[in-house]
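Geometric and topological summary
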Amino acid sequence: MSMIAAFYDNKSILITGATGFLGKVLMEKLFRTSPDLKVVYILVRPKAGQTLQQRVFQILNSKLFEKVKEVCPKVHEKIKPIYADLNQKDLAISKEDMKELLSSVNIIFHCAATVRFDDPLRHAVQLNVTATQQLLHIASQMPKLEAFIHISTAYSNCNLKHIDEVIYPCSVEPKKIIQSMEWLDDAIIDEITPKLIAGRPNTYTYTKALGEMIVQEEGSNLNVAIIRPSIVGATWQEPFPGWVDNLNGPSGLIVAAGKGFLRSIKATPMAVADLIPVDTVVNLTLAVGWYTAVHRPKPTLIYHCTSGTTNPCNWGKMGLQVLATFEKIPFERAFRRPNADFTTNYFTASYWNAVSHRAPAIIYDFYLRLTGREPRMTKLMDRLLRTISMLEYFINRSWEWSTYNTEMLMSEMSPEDQRVFNFDVSQLNWLEYIENYVLGVKKYILKEDMAGIPEAKQHLKRLRNIHYLFNTALFLIIWCLLIARSQMARNMWFFISPLYNL
Ligand SMILES: CCCCCCCCCCCCCCCCCC(=O)SCCNC(=O)CCNC(=O)[C@H](O)C(C)(C)COP(=O)(O)OP(=O)(O)OC[C@H]1O[C@@H](n2cnc3c(N)ncnc32)[C@H](O)[C@@H]1OP(=O)(O)O
Ligand SMILES: NC(=O)C1=CN([C@@H]2O[C@H](COP(=O)(O)OP(=O)(O)OC[C@H]3O[C@@H](n4cnc5c(N)ncnc54)[C@H](OP(=O)(O)O)[C@@H]3O)[C@@H](O)[C@H]2O)C=CC1
């Protein structure tokens, strides 16, 4: 019998960010392993014209929740969506809902955040710092609260090379940053942003670091723990391999490479690709919830959820496996054949951007114009190059994260819990994982049917023939021009042409 699963029975749990990538997998595992839990409150906002109930309905009707519905047929009755907006004061929770939350919640999992790298500082602070502060304030009024688990990122201190499971203070106090956002205007905030985030590549990593400081400062009277996952990828094993539903992290680049848009990227092949499957992060999160509530460790513990220390894989190996998988399971209607390459040099990267990204986009747009259609490829390519430029920081460096607390937690778990809530990635087979990841991107993001694979392969053959034809035509044009203008080229031609007649 799993002690951790039994711990969540009859508990009232509050999850923020439950509609996000990590939040959905967290909810799924909770219901599958602890179907007797009391209720899961989720803080949700209406989105894309959908009400809260419609959003929950959509999640429950996805493939991810198929197993849950067998184990816990009343799952829809146990999820209680609460209207909330983390951009608003007091998170915009109504008085009645607040009363219910305050009187019943036992465990909080705080997953919500803005994960955009280019968010203006004001917005990133609001979501990742102020909302966390407000949630801690609400939590401190919950008499039945046993644990508050905060999800941060392993890159909150990416300005360092070696990162321990401790909180590294930022130069300016988070409370001062929150206050200054109230009276500084946007132009000044934009001006001081580079100075504040100094050493970090974006407002996301900076505000996640501030968020950790706020948790430490304002959660001192609570049972708090912080989890720092690295780059969260598709599921490894549970509920089935390869599930992923958004384009963040590597998923977007896998789409771009598989569709033939991404042909070259500035990346260091030997740098560690610290990917961590989302189900591994969820298993650790649930184990931390149990340990924090039951053992009440002081001071606040931080848990690194990374793969590089125990089972390192590098970007070179990962890229090759992604490309190898496209051979077996190509994506449909590719723009060009998938053939992405890594370059380490700035000038080579710029050259390939011009030749392999911009030039084909311009030629294609010219073709679209000729056939009376709206040109769109140049715009799409510009967005892709912008995205790549934001991810480059993470694929050209390696970090070392210590994992003492994570290892300690594993040693505190029973053999059954170690099996059910496994977060040991030393057994992860990267080649198999990446193949399932690419397959998951095809099925769950691109919604492509496996029955379309033969046609996709035919399409790639046609693209290869067009490629050969284009190269041959280009060669002949250049050669004719050379012959017309250069005596040496003409001599060479007269020398080799009789050979053809032999
Ligand atoms: C051989 C191949 C090898 C491939 C493998 C190599 C993989 C390397 C991957 C390295 C990942 C490193 C991640 C580091 C993570 C740090 C840890 C965290 O906590 S991070 C937490 C995780 N956080 C993140 O990962 C956030 C990263 N993303 C962002 O910050 C923003 O999306 C943005 C600033 C990049 C673009 O903003 P903006 O221009 O306003 O655009 P929108 O957002 O509105 O989307 C525009 C279009 O682009 C689409 N699309 C979106 N994302 C990607 C993508 N990654 N890529 C491609 N495409 C992407 C999107 O669907 C949309 O398409 P459409 O609807 O128009 O058709
Ligand atoms: N993905 C990754 O690679 C990594 C993620 N993390 C951390 O894990 C956590 C979860 O990330 P992930 O699931 O990938 O992110 P997603 O972007 O998939 O999910 C973010 C969640 O936050 C919610 N949210 C955002 N803004 C608001 C708001 N104003 N009001 C209410 N809810 C809001 C979103 O709701 P809605 O659906 O309405 O937009 C969504 O449920 C984050 O804390 C992130 O920093 C850490 C390391 C890596």
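All values derive from a computational prediction rather than experimental measurement. (Residues numbered from 1 in each chain as written. Chains lettered and ligands numbered in written order. Predicted model: local features only at pLDDT ≥ 70, side-chain atom pairs only at ≥ 80, totals over all residues. Heavy atoms only, no water.)

1. Some thoughts on the packing of aromatic side chains
On inspection of all chains with the given rule, the structure shows 24 aromatic pairs. Taking the centre distance of 6.3 Å and the plane angle of 40 degrees together, the rings of Y8 and F109 count as tilted. Of this pair, Y8 sits in helix α1 (residues 3-8) while F109 sits in strand β4 (residues 107-110), and the two are 101 residues apart along the sequence. A relative accessible area of 1% means that Y8 is categorised as buried. Relative to Y433, the ring of W430 lies with its centre 5.8 Å away and its plane at 80 degrees, an arrangement referred to as edge-to-face. (Phe/Tyr/Trp six-rings, centres within 6.5 Å; stacked < 30°, edge-to-face > 60°. Helix = DSSP H or I, 4+ residues; strand = E, 2+ residues; numbered from the N terminus. Buried < 20%, exposed > 50% of the residue type's maximum accessible area, 1.4 Å probe, protein only.)

2. As for the domain arrangement of the protein
Taken domain by domain, the protein comprises domain 1 (3-241 + 272-313 + 399-423) and domain 2 (449-502). The straight-line distance from the C-alpha centre of domain 1 to that of domain 2 is 55 Å. (Domains from an automatic or database assignment.)

3. Description of the environment of R386
Relative to the assigned elements, R386 resides in helix α15 (residues 377-395). Under the relative-accessibility criterion, R386 is labelled partly exposed at 44%. A polar contact of 2.6 Å, which involves the side chain of R386, links it to the side chain of D118. (Polar contact = N/O pair within 3.5 Å; in protein donor to acceptor, adjacent residues only side chain to side chain.)

4. Overview of the layout of surface pockets
Of the voids in this model, the second largest pocket is the one considered here, and its volume is about 750 Å³. Looking at the lining of the second largest pocket, the elements that each hand over two or more residues are α14 (346-370) and α19 (453-485). With nine residues, the single largest contributor to the lining of the second largest pocket is α14. Its residues assigned to classes, the lining of the second largest pocket shows 12 nonpolar, five polar and four charged. (1 Å grid on protein atoms, 1.4 Å probe; cavity = no way out; pocket = protein on both sides within 12 Å on 5 of 7 lines; lining within 4 Å. Points joined across faces, edges and corners; volume = space filled by probe spheres on them. Nonpolar A, V, L, I, M, F, W, Y, C, P; charged D, E, K, R; others polar.)

5. Description of the pairing of strand β5 (residues 147-151)
For β5, the tally of buried residues reaches five of five residues, placing the bulk of the element in the interior. Residues A147, I149 and I151 point to one face of β5 and F148 and H150 to the other, with burial holding for every one of them. Of the strand pairs in this sheet, β4 and β5 are connected by four bridges, and their pairing is parallel. For I108, the partnering residue across the bridge sits in β5 and is F148. This β-α-β element, β4 to helix α7 (residues 121-139) to β5, shows right-handed connectivity. (Pairing = 2+ DSSP bridges. Right-handed = clockwise from strand over helix to strand, strands pointing away.)

6. Looking at the pattern of salt bridges
For the coordinates displayed, the defined rule picks out 20 salt bridges. Between K29 and E238 there is a salt bridge, with the nearest N and O atoms lying 3.0 Å from each other. On the criterion of sequence distance, the pair formed by K29 in helix α2 (residues 21-33) and E238 in the loop between β8 (231-233) and α11 (250-258) is long-range, its members being 209 residues apart. Relative accessible area serves as the criterion here: at 18%, E238 is assigned to the buried category. With a shortest N-O distance of 3.7 Å, R333 and E332 are connected by a salt bridge. Residue class for E332 comes out buried when judged on its relative accessible area of 17%. Ionic contacts of the salt-bridge type, sharing partners, join the residues E28, K29, R32 and E238 into one network. (Salt bridge = Lys/Arg side-chain N within 4 Å of Asp/Glu carboxyl O.)

7. A word on a nonpolar patch on the surface
Taken together, I363, F470, L474, I478 and L482 make up a surface patch of nonpolar side chains, about 460 Å² in accessible area. In terms of residues, the nonpolar patch owes the most to one element, α19, which gives four residues. By the secondary structure assignment, I363 is in helix α14. (Patch = residues over 30% accessible without salt bridge, like charges linked within 9 Å, V, L, I, M, F, W, Y side chains within 5 Å. Areas by Shrake-Rupley, 256 points an atom, 1.4 Å probe, with all protein chains shown as cover.)

8. Digging into unusual backbone geometry
Going from E238 to P239, the amide bond is cis rather than trans, its omega being -10 degrees. Along the chain, K298 connects to P299 via a cis peptide bond; the corresponding omega equals -5 degrees. Assignment of secondary structure puts P299 in the loop between α12 (278-295) and β11 (301-305). Despite not being glycine, A48 shows a phi value in the positive range, around 50 degrees. For A48, the location among the structural elements is in the loop between β2 (39-44) and α3 (52-60). The class for A48 is exposed, based on a relative accessible area of 77%.

9. Quick notes on the side chain of H357
Within the element layout of this structure, H357 appears in helix α14. Within the local environment of H357, its side chain forms a polar contact with the side chain of N353, the two groups lying 2.8 Å apart. Beyond its immediate stretch of four places on either side in the chain, H357 contacts F261, L262, R263, S264, W352, M381 and L385. (Contact = heavy atoms within 4.5 Å.)

10. Brief notes about the site of ligand 1
Within the structure, ligand 1 sits among 25 residues, and R116, F117, Y204, L247 and R386 are positioned closest to it. Between an oxygen atom of ligand 1 and a side-chain N or O atom of R116, the distance comes to 2.6 Å. One nitrogen or oxygen atom from the side chain of Y204 is found 2.7 Å from an oxygen atom belonging to ligand 1. Computed on the free molecule, ligand 1 has an accessible area of 1400 Å², of which 79% lies beneath the protein chains in the complex. Contributions of two or more residues to the shell around ligand 1 are made by α11, α13 (315-328) and α15. Counting residues per element, the shell around ligand 1 draws most heavily on α15, which supplies seven residues. Here the residues of the shell around ligand 1 sort into 15 nonpolar, six polar and four charged. (Near = heavy atom within 4 Å.)

11. Observations regarding the sheet that holds strand β1 (residues 12-16)
Pairing is parallel in the open sheet, where seven strands are placed in the order β3-β2-β1-β4-β5-β7-β11. Because the sheet does not close on itself, it has two edges, and the strands there are β3 (79-83) and β11. Taking the axes of each pair of neighbouring strands and ignoring which way they run, one obtains an average angle of 20 degrees across the sheet. Here four bridges tie β5 to strand β7 (residues 224-229), and the two strands are oriented parallel to one another. Across the sheet, residue I149 finds its bridge partner in β7, namely A225. α2 contacts β1, β2, β3, β4 and β5 of the sheet and is inclined by roughly 165 degrees relative to β1. Lying on the sheet, α3 is in contact with β2 and β3; it crosses β3 at an angle near 140 degrees. (Axes fitted to C-alpha atoms, helices over the stretch in contact; angles between N-to-C directions.)

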